[in-house]
Amino acid sequence: MSNNKKLSREEVAKIEIGHTGIAGTRKFVVCAFFLGIIYFYPLLQIGYEFSTKDIKSLADIEMFSFFRRLSSVDTGNSLLAINRQLCSVISQYEDAIEDESLLRVMLLPPAQYLLLKVFNVGNEQVIIGKDGHLFFSSCFNYLANPGFMRREQLKKRTLTGVQPDPALAVIDFYRQLQERDIALVLVPTPVKPMIYPDKLGGRPEPLNNRSFAAFKSTVERAGITVIDLTEPLYELRASGVDSFLKTDTHWTPEGMLLAARKIADVVGRKNQPMETTRGKISALGDVAGMLKLRDIHTFFQPETAEIRVVDTTPDRNAEVLLLGDSFCNIFSLEAMNWGARAGLPENLAAELGEKIDVIARNDSASFATRQLLAQELGRGRDRLAGKRVVVWQFVIRELADGDWRLIPMELR
């Protein structure tokens, strides 16, 4: 019987490790270097944080506010809700630590500069397009998704702890509104790669995820009105008017105004005039900021947009309630650096000729605004009183990667 048994990779590795020799001086140097990194880098990091004072205070870190929010969790789903919330908080905390790393601050900008200068390459968040157009990678992923309504895709996302079916959540919300005789108008807002595919090397035609038609058909059969802005925004761009900002995720004032008029056509106008003024705003977009360059102006210059400022404010007693995300806040929320009182809420009010009520939050549009509305109702503040229609605007990529949890609208 032969003793030449073939060794496994693990056995070979153990043999090689057993015959690895390191001189005494080298052992000392390697150990000292390793221990130095372990002990001294955290001290450098702490010193950097105190010297720059860019790091959020402990009171602002989500991990420390998490336990204060536990009392607001619905007891019917407490364990699942707490687990989902805790996972989200841990992820946010880890991201904050990564973003605040001294090594990241030191090494990332020069590395990104080299990639952009030599290879015209962005990073995991930014795709560099043609003619100075920048694209948020999550927006591109929506188009690359194999179909968000496919059974295997829904099952795969369920394993991550989210409710993945947008049609289920939208119809559930609609039925709750119907109980109070309130209509629902859905405005899934296109992302830039859908309107500018040629800037990413594609054909010059509007694109969408292959499951969008099925989603739209499903919710329309339930009685919900869906405003599909894909073709109108592409036609606007084809006419020579940009519908999206070059260095930003969001639409231009012209694209936003087109959306406001389309919504007003569906909701119905009262034609009460509102005072408006024209202005100009120059800024660099949010996608440019994601490149983390020390001097972004080396590669990209601020772009100028002409905005229409409307003299109106949200009214909780209005008949129309707008739920929206960052596409709603852009040009409306001053912190986004694109002006104020010139966004979708104000311009929709101007097109309708009546004041509207607004609940808007920049992120997690699949559930965030519904959750805020439910919290208002849960505190006894009936935000739906006197409403005839709810306009729900959300960025379309949420259909593929959002958490479409079912949220009861209970007035307490």
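With respect to the packing of aromatic side chains
Next, step 1: Counting across every chain of the model gives 12 aromatic pairs.
Next, step 2: Where Phe-173 meets Trp-392, the ring centres are 5.4 Å apart and the plane angle is 80°; that geometry is what we call edge-to-face. With Phe-173 in helix α8 (residues 166-178) and Trp-392 in strand β9 (residues 389-395), the pair connects residues that are 219 residues apart, well separated along the chain. Accessibility assignment for this pair places Phe-173 and Trp-392 in one class, buried.
Next, step 3: Following the ring pairs from residue to residue traces out a cluster consisting of Tyr-142, Phe-148, Phe-212 and Phe-215.
Next, step 4: Lying over the aromatic face of Phe-135, Lys-192 brings its terminal NZ or CZ to 5.1 Å of the ring centre.

Thoughts on the nonpolar core
Next, step 1: By size, the foremost hydrophobic cluster in this structure holds 94 residues, and its most contacted members are Tyr-142, Phe-215 and Trp-251.
Next, step 2: Setting aside residues no more than four positions away along its own chain, Tyr-142 makes contact with Phe-148, Val-191, Met-194, Asn-208, Asn-209, Phe-212, Ile-396, Arg-397, Leu-399 and Ala-400.

Side note on a nonpolar patch on the surface
Next, step 1: Taken together, the side chains of Phe-34, Leu-35, Ile-38, Tyr-39, Phe-40 and Leu-43 make up a nonpolar region of the molecular surface, amounting to roughly 680 Å² of accessible area.
Next, step 2: Tracing the chain through its elements places Leu-35 in helix α2 (residues 24-52).

A closer look at the pattern of salt bridges
Next, step 1: Under the criterion given, the structure shown has 21 salt bridges.
Next, step 2: Ionic pairing is found between Arg-180 and Asp-382, a salt bridge with its closest N-O pair at 2.6 Å. Of the two residues, Arg-180 is situated in the loop between α8 and β3 (183-189) and Asp-382 in the loop between α16 (368-378) and β9; the sequence distance between them amounts to 202 residues.
Next, step 3: Overall, Arg-180 belongs to the partly exposed group, its relative accessible area being 34%.
Next, step 4: Judged by its relative accessible area of 27%, Asp-382 falls in the partly exposed class.
Next, step 5: One network of salt bridges, with partners in common, ties together Arg-316, Asp-357, Glu-376, Arg-381, Arg-383 and Lys-387.

Structural notes on the sheet that holds β3
Next, step 1: If you trace the five strands from one edge of the open sheet to the other, you get β4-β3-β9-β7-β8, paired in parallel fashion. Strands at the two margins of the open sheet, each flanked by one partner only, are β4 (225-226) and β8 (357-360).
Next, step 2: When β3 meets β9, the two strands line up parallel, connected through seven bridges. If you follow Val-185 over to β9, its bridge partner there is Val-391.

Things to note about the packing of helix α12 (residues 253-267) against helix α15 (residues 344-352)
Next, step 1: Where α12 meets α15, the closest approach of the two axes is 9 Å, and the angle between their N-to-C directions is 45°. With respect to α15, the element α12 is oriented oblique. Crossing geometry of α12 relative to α15 is assigned as right-handed. Each of Met-256, Leu-257, Ala-260, Arg-261, Ile-263, Ala-264 and Val-267 in α12 lies in contact with α15, whose residues at this interface are Leu-344, Asn-347, Leu-348, Glu-351 and Leu-352.

Describing the environment of Asn-337
Next, step 1: Among the secondary structure elements, Asn-337 is positioned in the loop between α14 (326-329) and α15.
Next, step 2: By relative accessible area, Asn-337 is classed as exposed at 52%.
Next, step 3: Once the C-alpha coordinates of Asn-337 and Ser-282 are considered, the two residues, 55 residues apart in sequence, prove to be 8.6 Å apart.
Next, step 4: Residues in contact with Asn-337, not counting those within four places in the same chain, are Ile-281 and Ala-283.

Conventions and cut-offs
Residues numbered from 1 in each chain as written. Predicted model: local features only at pLDDT ≥ 70, side-chain atom pairs only at ≥ 80, totals over all residues. Heavy atoms only, no water. Phe/Tyr/Trp six-rings, centres within 6.5 Å; stacked < 30°, edge-to-face > 60°. Helix = DSSP H or I, 4+ residues; strand = E, 2+ residues; numbered from the N terminus. Buried < 20%, exposed > 50% of the residue type's maximum accessible area, 1.4 Å probe, protein only. Lys NZ or Arg CZ within 6 Å of the ring centre and 35° of its normal. Core = buried A, V, L, I, M, F, W, Y, C linked by side-chain atoms within 4.5 Å. Contact = heavy atoms within 4.5 Å. Patch = residues over 30% accessible without salt bridge, like charges linked within 9 Å, V, L, I, M, F, W, Y side chains within 5 Å. Areas by Shrake-Rupley, 256 points an atom, 1.4 Å probe, with all protein chains shown as cover. Salt bridge = Lys/Arg side-chain N within 4 Å of Asp/Glu carboxyl O. Pairing = 2+ DSSP bridges. Axes fitted to C-alpha atoms, helices over the stretch in contact; angles between N-to-C directions. Parallel < 35°, antiparallel > 145°, perpendicular 65-115°, else oblique. Left-handed = near helix turned anticlockwise from the far one by under 90°.

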